[in-house]
Structures are given as C-alpha cells and as structure tokens.
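# Residue-level structure breakdown
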Amino acid sequence: ALAPQLLCFEWALPDGAFLLLLSAAAIALLLAAALLRGPVRRTLQYHGAEHMAINAYQKGLELTAENIARADRANARCGSLFSLFLLIVGLPLIFVPYGDYLLPVALCAAFELTVLARRVKWLRALLRFGLWTQRKIWTRPPDEAQIALARRGLALLLEITGEKNKKDGAPS
C-alpha cells in the first residue's frame, strides 16, 4: 500500500474511492497507450467503419463505399455513448450504502438518458460530449477494406432482416 503521508487527502474520500480513482487513472493511461497502435487501433477503425455505414443507411443514402466514406464516425445509438451515461449515473452509487443494489436502476436511467439526450435541450451537451468521445477515442478513420467490410456486413444484415435501403427501396 502507498504510504499514508502520500495520501494526506485520502480522509476526504469514502472508503475505496481513492483506489478507485487511482485505478481509473491507470486504466485511462493504458487505454490511451493501446489506442495509439496495434490490434486495438484496428478494432477502433472497424468500429468507425460500422458507424459510418449505419449513418449512411440512416440518412437514406445508397450504400456505396463513397457515401459511407463521407459519413460521420459518431452515432448517437452506440454502446459507448450508453456506457458514458452509465458511468455518469452509476459512479455516484459507489458513495451510497448498498449502491450496488441500485445498478439495475442505473442501467435503466442510463438507457433513458441516451434516448432523451436527442430530444431534451439541456441533455444535448452530454450527447455532444459523448459523440466527441466517439470521434476522438472510440473510433478511428477506417481504410477502404474496412469500409467495404462494413458495407457488406450491413447489406447482409438488411437482407437477413428483410429491410430495404431507404434510398432505392431495394435490399442493399
């Protein structure tokens, strides 16, 4: 354990909160290092291609590589946005006695926030922040092969579900 004199401010935090914050900082540093290279970066490029294909589809554009390449990498229905809202709602629960029993409530509240953030003006700042984190952290610009894979994956999904491309009415 760290020496008590180094943690002179620990008295101001509830039990375990300092270690939680220290752990969160360590995870953030490791995540930042992982995002810069390797397989994690490649995964984030695929995540970006997925968002771009879905955004092109939701705008009713024909699912061509060019249309997908011009689409935004951020999507308001992404799980990373839900995770951000869950963090905002759930983090205070560590300071509440038996707060872990409120996790189902926090999950529901986070989901509702993701839906309401698109409609309620004062929540839009959180939505904008979440979309910004998607562009800066959770997605990376994909290459042409990743865009092609995202296009094909979405086309297969639309074919399986029987949905049609909004632009031309035909399966993509």
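Residues numbered from 1 in each chain as written. Predicted model: local features only at pLDDT ≥ 70, side-chain atom pairs only at ≥ 80, totals over all residues. Heavy atoms only, no water.

## Describing the overall build of the protein
Condition: Under the DSSP-based scheme used, a helix requires at least four consecutive residues in state H or I and a strand at least two consecutive residues in state E, with every element numbered from the N terminus. Residue burial is assigned from relative accessible area. The probe radius is 1.4 Å, only protein chains are included, and a residue is buried under 20% of its type maximum, exposed over 50%, and partly exposed in between. Contact between two residues is taken to exist if any of their heavy atoms lie within 4.5 Å; hydrogens are not considered.
Along the backbone of the protein there are seven helices and zero strands. Put simply, the protein runs from its N terminus to its C terminus through helices and strands in the order α-α-α-α-α-α-α. With 172 residues in all, the protein has 31% of them scored as buried. Contacts in the protein between residues at least 24 apart in sequence constitute 65% of all its contacts with a sequence separation of at least 6.

## Things to note about the side chain of arginine 73
For clarity, the cut-off: Counted charges follow a simple rule, with Lys and Arg positive, Asp and Glu negative, and His plus the chain ends left uncounted. Criterion for a salt bridge: a side-chain nitrogen of Lys or Arg within 4 Å of a carboxyl oxygen of Asp or Glu. Here a polar contact is recorded for every N or O atom pair within 3.5 Å, except that within protein the pair must consist of a potential hydrogen donor and a potential acceptor, and residues adjacent in sequence are included only if both atoms are side-chain atoms.
Inspection of the secondary structure assignment puts arginine 73 in the loop between helix 3 (65–70) and helix 4 (79–90). Buried charge arginine 73 goes without a salt bridge, the closest partner of opposite sign being aspartate 72 at 6.4 Å. Within the structure, the side chain of arginine 73 is placed 3.0 Å from the side chain of threonine 139, a separation counted as a polar contact. When near neighbours in sequence (up to four residues on either side) are disregarded, arginine 73 contacts Gly48, His51, Met52, Gln134, Arg135, Thr139, Arg140, Pro141 and Pro142.

## Let's talk about the nonpolar core
Proteins that are soluble and globular tend to have nonpolar side chains buried together. Quick note on the threshold: Working definition of a nonpolar core: buried Ala, Val, Leu, Ile, Met, Phe, Trp, Tyr and Cys residues. They are joined through side-chain atoms within 4.5 Å.
The biggest cluster of nonpolar side chains holds twelve residues, and these are Ala49, Met52, Ala53, Ala56, Tyr57, Leu63, Ile68, Ala71, Ile147, Ala150, Leu154 and Leu158. If you list the elements that add at least two residues to this core, you get helix 2 (38–58) and helix 7 (144–161). Not counting residues up to four positions away in its chain, the partners in contact with methionine 52 are Ile68, Ala69, Ala71, Asp72, Arg73 and Pro142. Counting eleven residues, the second-largest nonpolar core is a separate cluster that includes Ala76, Leu84, Phe85 and Leu123.

## Re the layout of surface pockets
For clarity, the threshold we go by: Points on a 1 Å grid over protein atoms alone make up a cavity when a 1.4 Å probe fits among them but cannot get out, and a pocket when they form an open set with protein on both sides within 12 Å along at least five of seven lines; lining residues each have an atom within 4 Å of a point. Grid points are joined across faces, edges and corners, and a volume is the space filled by probe spheres set on the points. Charged means Asp, Glu, Lys or Arg here, nonpolar means Ala, Val, Leu, Ile, Met, Phe, Trp, Tyr, Cys or Pro, and polar covers whatever is left, Gly included.
Volume-wise, the largest pocket comes out at about 500 Å³. Lining the largest pocket are 16 residues, with Leu31, Ser83, Leu84, Leu87 and Trp138 positioned closest to its centre. Residue contributions to the lining of the largest pocket peak at seven residues, all from helix 1 (residues 17–35). Among the residues forming the lining of the largest pocket, the class breakdown is twelve nonpolar, four polar and no charged. For the second largest pocket, the calculated volume is near 160 Å³. Forming the walls of the second largest pocket are Leu86, Leu87, Gly90, Leu91, Leu93, Ile94, Gly99, Asp100 and Leu103. Counting residues per element, the lining of the second largest pocket draws most heavily on helix 4, at three residues.

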